[in-house]
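Understanding the architecture of this molecule
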Amino acid sequence: MTNWINRNTSFLLITGLVVLYILSAIINLGLFNLQGEEPRRAIISIEMLRSGDYVVPHALGWEYYNKPPLYNWILSGFMWLTGSQSEFALRLPSLVFLLIWGFCHYLICRKWFSQKLSLLSTFFMLTSADIFFYGLANGAEIDIFYSLVVYLQVISLFWFYEQKKWWPLFLLSYLFCAIGFLTKGLPSLMFQGLTLAALCVYTRSVKVIFKPQHLVGIALFVLVAGSYFYAYGQYSDPSVMLVNIVNESLKKSVVGEESVGRFYKILSYPTLLFKLLAPWCLLLLLFFKRQRFKLFANPLVKFSFLFIVFNIAVYWFTGIAKLRYIYMFIPFAMNIFVYLYEQFDQQNPGLINKYLKYVGVLFIIIFGAVLALPFFYDINTWLIIGLSVSLMIFLLAYFKPADNRIWLFIAGLILTRLVYAIIGIPIQSKGMADYRPMMTAMVKKANGEPVQFYLPADSLKLDVVAIDTLYKWKGETIWVPPFLLHQIPYYYNRSSAQVMQYDTAIATGRLYVSYDSILKNKEIDRVFAAFDRRANDSLVLFRQKAKNVQ
């Protein structure tokens, strides 16, 4: 009877944490303007829905070559299901996929960990600071979904190796590799090759890669990825996208042009990893207390370590350091952290609880900040009272004697994210560039007429370059749209229900939008102008004067 009560109590507590987690992520999810790569993903997906062309991705009416379209299919699907093209609808998929990822991770861990450690590893992953606070708030970006695909690709190699099931090992890993390739391109092949190398080290043999099923797995990858590019070839030249995908990956790799002169990052990269794995990387401080850790006694921990060692170097030495590129490493790092946590706790009973009590000062600071906010911002009084009471109850529970303060610490992180969602996001959004009123005013001035985006075209060189002295293949050059802030066409679409097109020339009588610095020495009739903080330039709605027909 006691065990039944304990199981049900644990189930209710975990369910409560999950519900609180979802609330902390979903409240004000659509309040921020789309940021970074979000509006680009959005506008491509909107054009897919509008045109019905799901094979060749387009942005502002021009073919888009940098990424295959699989994630745009997902965003289009969510917009169709929700009947909305809002920020909320576009960010919702990342929350859904992160929860699926967490559930899959828990199921995998249960094979090699206790239920407690499996849950801890899962919640450590879900509450990693960058993915919890930044990744979900910018969920229209591709990275959480892509990291889930890479995780499934990698873990299927380990899972089925342990069962010596060669067919699913190669078929599923290469299937996920193909899905990843159709999502983000070349990195999926890198993960497949390097993780197979890690698996050889794990097994102390190279025989695994010489299984006949390996060739079938490669054939499946070629079939799935090739089927898309065959379909693409019915409408356009697939070699342009393929070469550009290769070139984009090489430019950001250790041999690419973007890595030249950037070796200082080798020393600073551990700081980036610290931010990625915070706050749970602080468990590594346990190493400073002398004792023995059996790091490789657990197969999952050993494989997790090898996966990180074999794959992280590619990102460590790249020219562009972005945390969202390496989300897929988080669950593997958490496997290591919880295993160290368990061993330390067994050898030093109660010591981690004591340390966590000191760390609780973080939540006292947050409580104090909530109480102080009304002195600086206009915030609803009842909202402050409700959050203050919740935090006070939590603090009373946190600082009481407890055997498992680690769970209270996790609850505190989720509660902190909830406070950020309810109060922090609205405050932060007021200091950000807001394109919604700008585009609403512009559309009103356009009076129903379609608006085109005018800028001089940029050139895309289809060269495969890996440092001139190492390798260079000279390809053709094609015209493409230059770098654009895609918030403009996205919020134009939200305000007008029209898709903005890009044009390289100005025709008399039509309405265009461009920047003031681009329009110098052009005789135009200005219809509307507003300052764009992101571009640090005035955005101008205009017509070409009749006497200057181009």
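Residues numbered from 1 in each chain as written. Predicted model: local features only at pLDDT ≥ 70, side-chain atom pairs only at ≥ 80, totals over all residues. Heavy atoms only, no water.

1. Quick word on the overall build of the protein
- Within the protein one finds 20 helices and 11 strands.
- Computed over the C-alpha atoms, the radius of gyration of the protein is 26 Å, within 12% of the 24 Å expected from 2.2 N^0.38 for a compact globule of 550 residues.
- Residue burial in the protein is summarised as follows: out of 550 residues, 52% are buried.
- When contacts within the protein are restricted to residue pairs at least 6 apart in sequence, those whose partners lie at least 24 apart make up 77%.
- Total accessible area computed for the protein in this model is approximately 25,200 Å², and 64% of it derives from carbon and sulfur atoms. (Helix = DSSP H or I, 4+ residues; strand = E, 2+ residues; numbered from the N terminus. Rg over C-alpha atoms; globule rule 2.2 N^0.38 Å. Buried < 20%, exposed > 50% of the residue type's maximum accessible area, 1.4 Å probe, protein only. Contact = heavy atoms within 4.5 Å. Areas by Shrake-Rupley, 256 points an atom, 1.4 Å probe, with all protein chains shown as cover.)

2. Here's the deal with the environment of M392
- Here M392 lies in helix α17 (residues 381-398).
- With relative accessibility at 37%, the residue M392 sits in the partly exposed group.
- Spatially, the C-alpha atoms of M392 and K211 are 60 Å apart, while their sequence positions differ by 181 residues.

3. Overview of the confidence of the model for the protein
- Across the protein, the average pLDDT comes to 89, with 92% of residues at or above 70.
- Low pLDDT, under 50, characterises residues 254-261; the predicted model gives this stretch 19 contacts beyond four residues in sequence or across chains. (pLDDT = per-residue confidence, 0-100.)

4. A short note on the packing of aromatic side chains
- Summed over the entire model, instances satisfying the criterion amount to 39 aromatic pairs.
- Both rings, one in F394 and one in Y398, keep their centres 5.6 Å apart while their planes meet at 40°; by these two values the pair is tilted. Here Y398 and F394 lie together in helix α17, a separation of four residues that amounts to about one turn. The burial state of F394 is the same as that of Y398; both residues are buried.
- Clustering of aromatic rings is evident, with ring pairs tying together W101, Y151, F191, F307, Y315, F329 and F332.
- The ring of Y161 carries K164 above its face, with NZ or CZ at 4.1 Å from the centroid.
- Over the face of the ring belonging to F133 we find R417, whose NZ or CZ atom lies 5.7 Å from the ring centre. (Phe/Tyr/Trp six-rings, centres within 6.5 Å; stacked < 30°, edge-to-face > 60°. Lys NZ or Arg CZ within 6 Å of the ring centre and 35° of its normal.)

5. Notes on the pattern of salt bridges
- In this structure the tally under the stated criterion is 11 salt bridges.
- Residues R324 and E141 are paired through a salt bridge, measuring 3.4 Å at the closest nitrogen-oxygen approach. With R324 in the loop between α13 (299-316) and α14 (330-347) and E141 in the loop between α6 (129-135) and α7 (143-162), this pair connects stretches of sequence that are 183 residues apart.
- For E141, a relative accessible area of 4% corresponds to the buried category.
- Residue D434 pairs with R436 through a salt bridge whose shortest N-O separation is 3.2 Å. (Salt bridge = Lys/Arg side-chain N within 4 Å of Asp/Glu carboxyl O.)

6. Observations concerning the sheet that holds strand β3 (residues 451-454)
- Taken together, the five strands give an open sheet; going across it, the order is β8-β3-β9-β11-β10, and neighbouring strands pair in mixed fashion. Only two strands of the sheet have a single neighbouring strand rather than two, namely β8 (501-503) and β10 (524-532). Going from strand to strand, the sheet's axes swing by 30° on average, the running direction of each strand aside.
- Relative to strand β9 (residues 511-515), β3 runs parallel, the two being bridged by three bridges. Pairing of Q452 across the sheet is with Y512, part of β9. (Pairing = 2+ DSSP bridges. Axes fitted to C-alpha atoms, helices over the stretch in contact; angles between N-to-C directions.)

7. Digging into unusual backbone geometry
- With omega at 0°, the peptide bond leading from A278 into P279 counts as cis.
- Mapped onto the fold, P279 is located in the loop between α12 (265-277) and α13.
- The phi dihedral of N28 is positive, around 60°, even though this residue is not glycine.
- Its place among the elements puts N28 in the loop between α1 (2-26) and α2 (38-51).
- Relative accessible area serves as the criterion here: at 29%, N28 is assigned to the partly exposed category.

8. Focus: the packing of α7 against α13
- Packing of α7 against α13 leaves a shortest axis separation of 11 Å and a crossing angle of 140°. The handedness of the crossing between α7 and α13 is right-handed. Where α7 abuts α13, its residues V154, I155, F158 and E162 lie against P299, L300, F303 and F307.
- In the contact of α7 with α13, the residues fall into seven nonpolar, no polar and one charged. (Left-handed = near helix turned anticlockwise from the far one by under 90°. Nonpolar A, V, L, I, M, F, W, Y, C, P; charged D, E, K, R; others polar.)

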